[in-house]
Amino acid sequence: MPASRTYDVVVIGAGPSGSLCARNLAARGYHVLLAEKRPVVGVPVRCGEATGRRSRLSNFMKVNEAYIETDLNGVILNGPGGVSIRYDKEDIGLMIDRRLFDQDVARQAQAAGAELCVNTRIEGISPVKDGVRELAIVDEASKTASTITARLVVGADGVEALSGRWVGLKTRQLPPQVCSAIELRVDAMDVNPNHLTFWQGHDSINKGYVWVFPKLKSGVVNLGSGVLTPKLGEKNMYDLSMEYKNRLFPDAKVVEVHGGAVPVSGNLTEFVADRFVLCGDAAHHTNPLTGGGIISGILGGELASRWIDAGFRNGDLSRSFLVQYQVDCWEQFGKHHHRQMSIRDFVVELPLPTQTAFYRIFKDMVDADLSLPSKLVGYARMLGLAAGNWKAAKKAFIK
Ligand SMILES: Cc1cc2nc3c(=O)[nH]c(=O)nc-3n(C[C@H](O)[C@H](O)[C@H](O)COP(=O)(O)OP(=O)(O)OC[C@H]3O[C@@H](n4cnc5c(N)ncnc54)[C@H](O)[C@@H]3O)c2cc1C
């Protein structure tokens with residue numbers, strides 16, 4: 001149970017986004033509660049555990065070797081029609097252990113002075129009254145209910161977030177913009193242990209991809225598949241993941257199965273209200289092309305903490321002040337995500353032969369080391385494809 005009845009800030013959810021936001025605010029001297037409904041932070045893991053490079057992560061925190069699983073040196077993308085693209089590049093990213101990682105960030109928040117309460121589910125948020133919001137909380141261990149107040153609330157409650165709705169924001173996850181995924185942890189090592197491997201294209205999976213991500217330190221691979229709204233009668237993600245597992249690692253044991261959803265709509269239009277902000281998956285900060293949300297969630301948490309601090313210092317925690325946080329998120333990553341979503345929609349809408357041609361062009365560019373001339377030629381060829389597939393291009397790029 002929380003030690004106090006009043007806080008400057010209550011952060012809902014001790015995922016990477018919420019913990020980072022709580023850490024920064026506590027470090028600036030605010031009285032912060034970090035409320036997590038689960039009994040143990042970071043458990044269960046619902047993530048492929050691939051993330052950006054060390055230098056990117058170290059912009060936000062001291063990187064802890066304890067959670068590093070693999071230094072990634074490349075990507076293999078198996079497209080339709082047997083087109084396989086291999087891109088080798090040192091230090092393109094990391095595989096991490098999300099349980100240890102989430103616990104590390106939550107510990108950073110505690111070390112900065114935030115109060116972490118596990119087994120603490122937030123059940124509702126009141127409208128603003130006398131400069132505070134009241135939160136209904138339930139202690140999951142004893143099932144006792146109580147209330148606390150906060151001058152500002154951060155909803156970092158992930159893909160299952162309800163906090164935005166409680167304050168009147170439109171946060172509904174519409175089926176065409178949510179990816180459902182099933183991942184198997186397989187007791188095996190991949191033939192490319194330092195590469196992320198993907199399968200994509202209409203002859204393997206329609207609106208999604210299959211992945212194999214190796215965790216070197218633990219000696220396992222994360223093998224999963226995720227898809228936007230499947231067509232009626234399409235294979236479910238469990239069967240598809242098992243099909244790849246049986247093909248790639250026939251004798252290996254599946255040690256864990258987990259599933260989850262990924263919000264891939266691009267940033268919500270509105271994710272602030274009076275004395276309230278959303279960050280991370282709850283604000284759909286996830287990259288809509290890759291489904292990656294660790295780094296963008298952390299960046300969302302970082303920006304939220306800066307604007308909340310600015311709001312407190314200006315004596316203004318109104319929606320009209322906090323809206324600057326939304327604009328900042330759009331500038332820093334929202335715009336980029338929006339472009340990536342258009343590319344995703346264009347590629348998945350192409351018929352199989354044109355999709356194969358798209359991958360061939362991309363392969364030529366990568367095989368030529370993504371040099372400027374190869375990129376220019378590639379983009380010109382892609383423009384040609386787009387012109388010949390006006391319907392898909394219009395749907396993706398002219399909304
Ligand atoms: C199968 C799968 C594979 C993925 N693979 C990758 C990948 O390889 N790389 C990548 O970057 N991203 C990946 N993602 C996405 C990534 O996991 C998320 O984007 C990331 O976890 C978002 O962080 P967050 O802090 O916003 O939310 P979360 O990590 O979901 O944290 C939210 C927290 O809030 C808590 N909470 C929720 N409601 C309440 C409440 N009412 N009261 C208190 N606590 C509450 C939850 O218990 C949770 O701990 C994957 C997702 C899935 C489902």
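Rules behind the numbers
Residues numbered from 1 in each chain as written. Predicted model: local features only at pLDDT ≥ 70, side-chain atom pairs only at ≥ 80, totals over all residues. Near = placed C-beta within 6 Å. Helix = DSSP H or I, 4+ residues; strand = E, 2+ residues; numbered from the N terminus. Nonpolar A, V, L, I, M, F, W, Y, C, P; charged D, E, K, R; others polar. Expected span 1.5 Å × (residues − 1). Contact = placed C-beta atoms within 7 Å. Buried ≥ 20, exposed ≤ 12 C-beta atoms within 10 Å, placed from the backbone. Core = buried A, V, L, I, M, F, W, Y, C linked by C-beta atoms within 7 Å. Domains from an automatic or database assignment. Pairing = 2+ DSSP bridges.

1. Section: the site of the ligand
Piece 1. With respect to spatial proximity, 38 residues lie near the ligand, and among them G13, G15, G158, G280 and G293 are the closest.
Piece 2. Elements that contribute at least two residues to the shell around the ligand include exactly α1 (16–27), β3 (50–51), β7 (120–125), β10 (178–186), β14 (254–263) and α6 (294–314).
Piece 3. It is α1 that contributes the most residues to the shell around the ligand, 3 residues altogether.
Piece 4. Considered class by class, the residues forming the shell around the ligand number 13 nonpolar, 15 polar and 10 charged.

2. Observations concerning helix α3 (residues 98–111)
Piece 1. Between its first and last C-alpha, α3 extends 19 Å over 14 residues, near the 20 Å set by a 1.5 Å rise per residue.
Piece 2. Taken together, the buried residues of α3 touch α1, β2 (32–35), β5 (84–96) and β6 (115–117).
Piece 3. Following α3 by one or two positions, G113 has its phi on the positive side, about 115 degrees.

3. Quick look at the environment of Y359
Piece 1. Looking at the element boundaries, Y359 is found in helix α8 (residues 352–367).
Piece 2. What makes Y359 buried here is the crowd of 23 C-beta atoms within 10 Å.
Piece 3. For Y359 and G297, which are 62 residues apart along the polypeptide, the C-alpha to C-alpha distance reads 30 Å.
Piece 4. With near-sequence residues (within four places) excluded, Y359 lies in contact with G79, P80, V83, I85 and G201.

4. So, the nonpolar core
Piece 1. Core analysis: the biggest nonpolar cluster contains 90 residues, and V9, V10, V11, V32, L34, V154 and V277 have the highest contact counts within it.
Piece 2. Two domains each provide a minimum of three residues to this core, namely domain 1 (6–46 + 99–173 + 268–338) and domain 2 (70–95 + 175–263).
Piece 3. If sequence neighbours within four positions are ignored, V9 has contacts with L25, Y30, V32, A150, R151, L152, V154 and I308.
Piece 4. Counting 12 residues, the second largest nonpolar core, distinct from the first, contains V348, L350, A357 and F358.

5. Points about the pairing of strand β8 (residues 133–139)
Piece 1. Bridge count between β7 and β8: 5 bridges; the pairing is antiparallel. Bridge assignment links R121 to a residue of β8, and that residue is V138.
Piece 2. Judged from the 7 bridges that link them, β8 and strand β9 (residues 144–155) form a sheet pairing that is antiparallel. The residue bridging D139 from the neighbouring strand is T144, located in β9.
Piece 3. A loop of 4 residues connects β8 with β9, the two strands running antiparallel in sequence, and K143 in this loop sits at a positive phi of about 60 degrees.

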